[in-house]
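Take a look at the letters that make up each chain.
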Amino acid sequence: MTVFFLFVFGLYFLLMLLLIYGWEKAMVIKVPAMVENRNQKISVVIPFRNEEENLEHLISDLISQTYHPALYEVVFVDDHSTDRSHEIVSLKVSTYDNFKLVALPSRVEGKKRAITLGIEKANCDIIVTTDADCRLPESWLTSINTHFQNNNVVMVSGGVKLDENGSFFSRLQAMEFSSLIGSGASSLAVGYPTMCNGANLSFLKSAFYEVDGYEGNFTISSGDDEFLMRKINAKFPGSICFLNNPESVVSTEAQQSLKDFFRQRLRWAGKWKHNSSAWTKLLAVYIFFFQISFIVVLGSLLTDKMDLKIAFFLIASKIVLEFIFLSKVCAFLKVKWRTNYFLLLQLIYPLYVIVIAIASNFISTSWKERKI
């Protein structure tokens, strides 16, 4: 049994070393220097549904972009909002020439349908997506444009962080979420993209149509970002890069309650069964069993069912490698590092992964008043 755990943990240590290497590689990849007349036109596509509390802030951030207004447009797509969202956007559209508002027709709904409609209405070659509940840094579009100076780049995946509201739960979420962003950037840098976030994602409009957009994935509630990323990676290998400018990180609020958090993660986890990547599926299964193994080894410290020196070595090595990786990611995202929260996550995270992985196969959830 000890040999088995040494093998399982050994694989995990190699994975963590690969993630650390990938993160460093993602951070040092240089983008070409700006050349004359390469300030390209950008279409920002924003699907929204019942976001009246957030749209004013988002629109303010879009207006404040350092990128010249003549070089970008914003296409808002209303996914059948039942609050004041449509009214709020409509007012702004009448004020700013580079804003436009469209709405999904009746009997057509969902984020993927909304983004697809927005892209159809977009006039520019570069498509940028974000969510209506996000906040955007002023240099966001400028940073994205810089990365597209490389003619080999087809998609750019950017950083997203969770804003803390001072609560214990939001701080815990901010650190845990950072690990997802870091893992996505690292795996992308080593040539095996596993995840990205549609709150900060950009791609060529032509590439979207070449891979048939979200065709084949419309009925899946989430994964608009990752399914598209995998299609583009298959069609244009090596064409995706990470937006490694810390001033380009998009932020959004953490979930307010454990119930909301659970619903969100169930929605995210539900897409894995539809994943076409054998590598990603295998990795997900391995992580699931590793978390179980970690709990068993941790328990052995209390039950003496394993040599204590070996158990301590395995646990300590895991913590050290994760500390090195996650502290680097948090520094980039400007998420405050808290060692006590990091250590607490060592105990909570394995249980959370196991529960969500199992529950996602049996429990349906809802999002924006829609059953998923």
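Just so you know, these numbers come straight off a predicted model, no measurement behind them.

**Regarding the side chain of serine 239**
Point 1. Position of serine 239 relative to the elements: it lies in the loop between helix H8 (224–235) and strand S9 (240–242).
Point 2. What makes serine 239 buried here is its relative accessible area of 4%.
Point 3. In this structure serine 239 touches Asn152, Val153, Val154, Met155 and Ile232, once residues within four positions along its chain are discounted.

**Overview of the packing of aromatic side chains**
Point 1. Following the criterion strictly, the structure yields 23 aromatic pairs and no others.
Point 2. Relative to phenylalanine 208, the ring of phenylalanine 203 lies with its centre 5.8 Å away and its plane at 20 degrees, an arrangement referred to as stacked. No difference in accessibility class separates phenylalanine 203 from phenylalanine 208, as the two residues are buried.
Point 3. Each ring, one from tyrosine 286 and one from phenylalanine 290, has its centre 6.3 Å from the other, and the planes form 35 degrees; the classification is tilted. One end of the pair is tyrosine 286 and the other is phenylalanine 290, both in helix H10 (residues 278–303) and four residues apart, which spans about a single turn.
Point 4. Judged by its relative accessible area of 0%, phenylalanine 290 falls in the buried class.

**Re unusual backbone geometry**
With the exception of glycine, most residues fall at negative phi, and the peptide bonds are largely trans.
Point 1. The phi angle at aspartate 212 is positive, at roughly 65 degrees, despite the residue not being glycine.
Point 2. Locating aspartate 212 in the fold gives a position in the loop between helix H7 (205–210) and H8.
Point 3. Of note in the backbone geometry, lysine 334 takes a positive phi value of approximately 65 degrees without being a glycine.
Point 4. Position of lysine 334 among the secondary structure elements: in the loop between helix H11 (308–333) and helix H12 (339–359).

**Some thoughts on helix H1 (residues 2–28)**
It helps to recall that an α-helix has 3.6 residues per turn; residues three or four apart then point in one direction.
Point 1. Over its 27 residues, H1 runs 39 Å from end to end, which matches the ideal 39 Å to within 8%, given 1.5 Å per residue.
Point 2. Among the residues making up H1, those that are buried are Phe5, Val8, Phe9, Tyr12, Phe13, Leu15, Met16, Leu19, Ile20, Gly22, Trp23 and Ala26.
Point 3. Packing partners of the buried residues in H1 comprise helix H6 (168–189), S9, H10 and H11.

**Concerning the packing of H10 against H11**
Point 1. Two numbers describe how H10 lies on H11: the axes approach to 9 Å, and their chain directions differ by 135 degrees. On the basis of the axis angle, H10 is oblique to H11. Crossing geometry of H10 relative to H11 is assigned as left-handed. Taking contact as the criterion, the partners of Phe290, Phe294, Val297, Leu298, Ser300 and Leu301 in H10 are, on H11, Leu308, Ala311, Phe312, Leu314, Ile315 and Lys318.
Point 2. Its residues assigned to classes, the contact of H10 with H11 comprises ten nonpolar, one polar and one charged.

Rules and cut-offs
- Residues numbered from 1 in each chain as written.
- Predicted model: local features only at pLDDT ≥ 70, side-chain atom pairs only at ≥ 80, totals over all residues.
- Heavy atoms only, no water.
- Helix = DSSP H or I, 4+ residues; strand = E, 2+ residues; numbered from the N terminus.
- Buried < 20%, exposed > 50% of the residue type's maximum accessible area, 1.4 Å probe, protein only.
- Contact = heavy atoms within 4.5 Å.
- Phe/Tyr/Trp six-rings, centres within 6.5 Å; stacked < 30°, edge-to-face > 60°.
- Expected span 1.5 Å × (residues − 1).
- Axes fitted to C-alpha atoms, helices over the stretch in contact; angles between N-to-C directions.
- Parallel < 35°, antiparallel > 145°, perpendicular 65-115°, else oblique.
- Left-handed = near helix turned anticlockwise from the far one by under 90°.
- Nonpolar A, V, L, I, M, F, W, Y, C, P; charged D, E, K, R; others polar.

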